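Summary of the model geometry
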Amino acid sequence: MTTLNSSNTLSSTFYLSGIPGYEEFHHWISIPFCLLYLVGIMGNCTILHIVRTDPRLHQPMYYFLAMLSLTDMGMSMPTMISLFRVLWSISREIQFSTCVVQMFFIHTFSFTESSVLLAMAFDRYVAICHPLRYATILTPRLIMKIGIAALLRSACAMIPLLARLAFFPFCHSHILSHSYCLHQDMIRLACADTNFNVIYGLVLISVLWGMDSLGIFVSYVYILHSILKIASREGRLKALNTCASHICAVLILYVPMIGLSIVHRFAKHSSPLIHIFMAHIYLLVPPVLNPIIYSVKTKQIRQGVLYLLLHTKISSTMM
């Protein structure tokens, strides 16, 4: 009993890692990270502001884009404070409860973003394959239900996985591999049978990501089938162009996500830099690139950004 209490006490505090071998450069390394976070936050906040204030963008496609921006920020922002605490040499310690909360937000919003991308694929399917029924199928009420269902599905699926961590003793190393908490990293340190967490985690990834990716694939099969029926080349290109941003967003999320899972499962003894590099790509690339891609590829968003910049510039000049 004494040993168990001791191990549980020890497990209440963990130590985050920066970039091993480059500790003396952490302050300099924090500069590009800071810039990336700022770009991601500003870009997604701009998207949200434009969609909210421009009546022309009160359409299903842009509501889903706003959801994507929210999930991007929800996935990346929980890591920001702990990352800069490590890089600025403030503190490497993180309490177990804080670590679990951070994991919950990271993994929940990661799964939610996958569901939002599936919803966006369905939006493109309805817009291209059933354009006359677009407004009647994708009503604001249905869009709200889709968003709530995506969030609840992801959150409820994570609860059993993270709840079991409270019963694990961590009697050996308490040093995590990253500057924030990931479930795959945490269970590696447990001195207990973690088969449930490993198997449940694999099933969760296979079912949630598998269902979403299958739904996206099937949607695009129908979309391509409809596009090929369009007589004019210009019409086919225009229809494909409306899907380009979404396809990029899917690749930006799934490629780093799959890469990080493979590294954690099958490359445990590889260089720590590979794990750190993949983890930061997984969390930072989607929030940074998605607003840029949609601003460049979507005319209405691009016009909204230009109007916002010019309006702000004119207002500051008049003052």
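Not measured: the values here are computed from a predicted model. (Residues numbered from 1 in each chain as written. Predicted model: local features only at pLDDT ≥ 70, side-chain atom pairs only at ≥ 80, totals over all residues. Heavy atoms only, no water.)

This part takes up the overall build of the protein. Regarding its fold elements, the protein presents 11 helices and two strands. Listing the helices and strands of the protein from first to last along the sequence gives α-β-α-α-β-α-α-α-α-α-α-α-α. For 319 residues, the compact-globule estimate of 2.2 N^0.38 gives 20 Å, and the protein sits close to it at 22 Å. For the protein, the spread of C-alpha atoms along the principal axes amounts to about 75 × 50 × 35 Å. Across the 319 residues in the protein, those meeting the buried criterion constitute 46%. Approximately 16700 Å² of the protein is accessible, and the part contributed by carbon and sulfur atoms is 72%. Positive and negative charge centroids in the protein, built from 21 and 11 side chains respectively, lie 13 Å apart. (Helix = DSSP H or I, 4+ residues; strand = E, 2+ residues; numbered from the N terminus. Rg over C-alpha atoms; globule rule 2.2 N^0.38 Å. Buried < 20%, exposed > 50% of the residue type's maximum accessible area, 1.4 Å probe, protein only. Areas by Shrake-Rupley, 256 points an atom, 1.4 Å probe, with all protein chains shown as cover. Lys, Arg positive; Asp, Glu negative; His and termini not counted. Charge placed at Lys NZ, Arg CZ, Asp CG, Glu CD.)

With respect to the element layout, Gly 210 can be found in helix H8 (residues 195-227). Along the backbone, Gly 210 and Ser 114 are 96 residues apart, and their C-alpha atoms lie at a distance of 9.9 Å.

Let us look at helix H6 (residues 140-163). Across its 24 residues, H6 extends 35 Å between first and last C-alpha, which sits within 8% of the 34 Å expected from 1.5 Å per residue. Residues of H6 that are buried sit in contact with helix H3 (60-87), helix H4 (96-129), helix H7 (183-187) and H8. (Expected span 1.5 Å × (residues − 1). Contact = heavy atoms within 4.5 Å.)

This next bit is on the UniProt feature "transmembrane region" (unreviewed entry) in the protein. Feature annotation in UniProt places "transmembrane region" (unreviewed entry) on residues 25-51, 63-88, 100-122, 142-163, 198-223, 244-267 and 273-293, given in this structure's numbering. Between the first and last C-alpha atoms of residues 25-51 the distance is 40 Å; the span itself is 96% helix and 0% strand. The annotated region residues 198-223 carries 100% helix and 0% strand content, and the separation between its end C-alpha atoms amounts to 37 Å. (UniProt positions renumbered as here; feature names shortened; annotations may be inferred.)

Moving on to the pattern of salt bridges. Under the definition given, this model contains four salt bridges. For Asp 212, the salt bridge identified is with Arg 153, shortest N-O distance 2.9 Å. One end of the pair, Asp 212, is in helix H8; the other, Arg 153, is in helix H6, and 59 residues separate them in sequence. Judged by its relative accessible area of 1%, Asp 212 is buried. (Salt bridge = Lys/Arg side-chain N within 4 Å of Asp/Glu carboxyl O.)

Glancing now at the packing of H4 against H6. Their axes nearest at 8 Å, the elements H4 and H6 cross at an angle of 140 degrees. Overall, the two elements H4 and H6 adopt an arrangement that is oblique. Between H4 and H6 the crossing geometry is right-handed. Contacts from Val 100, Met 103, Phe 104, His 107, Thr 108, Phe 109, Phe 111, Thr 112, Ser 115 and Ala 119 of H4 reach H6 at Ile 146, Ala 150, Leu 151, Arg 153, Ser 154, Ala 155, Met 158, Ile 159 and Leu 162. Taken together, the residues that form the contact of H4 with H6 break down as 13 nonpolar, five polar and one charged. (Axes fitted to C-alpha atoms, helices over the stretch in contact; angles between N-to-C directions. Parallel < 35°, antiparallel > 145°, perpendicular 65-115°, else oblique. Left-handed = near helix turned anticlockwise from the far one by under 90°. Nonpolar A, V, L, I, M, F, W, Y, C, P; charged D, E, K, R; others polar.)

It is generally the case that most residues other than glycine have a negative phi and that most peptide bonds are trans. If you check the backbone angles, Ser 89 has positive phi at about 60 degrees while not being a glycine. Structurally, the position occupied by Ser 89 is in the loop between H3 and strand S2 (93-95). Looking at Ser 89, the relative accessible area reads 55%, which means it is exposed.

Here the structure, examined in full by the defined rule, presents 11 aromatic pairs. Seen in terms of ring centroids, Phe 111 and Trp 209 are 5.6 Å apart; in terms of plane orientation they differ by 50 degrees. Their pairing is tilted. A residue pair is termed long-range when its members are at least 10 positions apart, and Phe 111 in helix H4 and Trp 209 in helix H8 qualify at 98 residues. Each member of the pair Phe 111 and Trp 209 is classed as buried. (Phe/Tyr/Trp six-rings, centres within 6.5 Å; stacked < 30°, edge-to-face > 60°.)

We now examine the nonpolar core. Judged by nonpolar contacts, the single largest core of 72 residues is most densely connected at Leu 117 and Met 186. For this core, the element with the highest residue contribution is H4, accounting for 14 residues. Residues within four places of Met 186 in sequence aside, it is in contact with Phe 14, Phe 96, Cys 99, Met 103, Leu 165, Phe 170 and Leu 176. In terms of nonpolar packing, the next biggest core, distinct from the first, is built from nine residues, Ile 19, Ile 29, Tyr 37 and Leu 87 among them. (Core = buried A, V, L, I, M, F, W, Y, C linked by side-chain atoms within 4.5 Å.)

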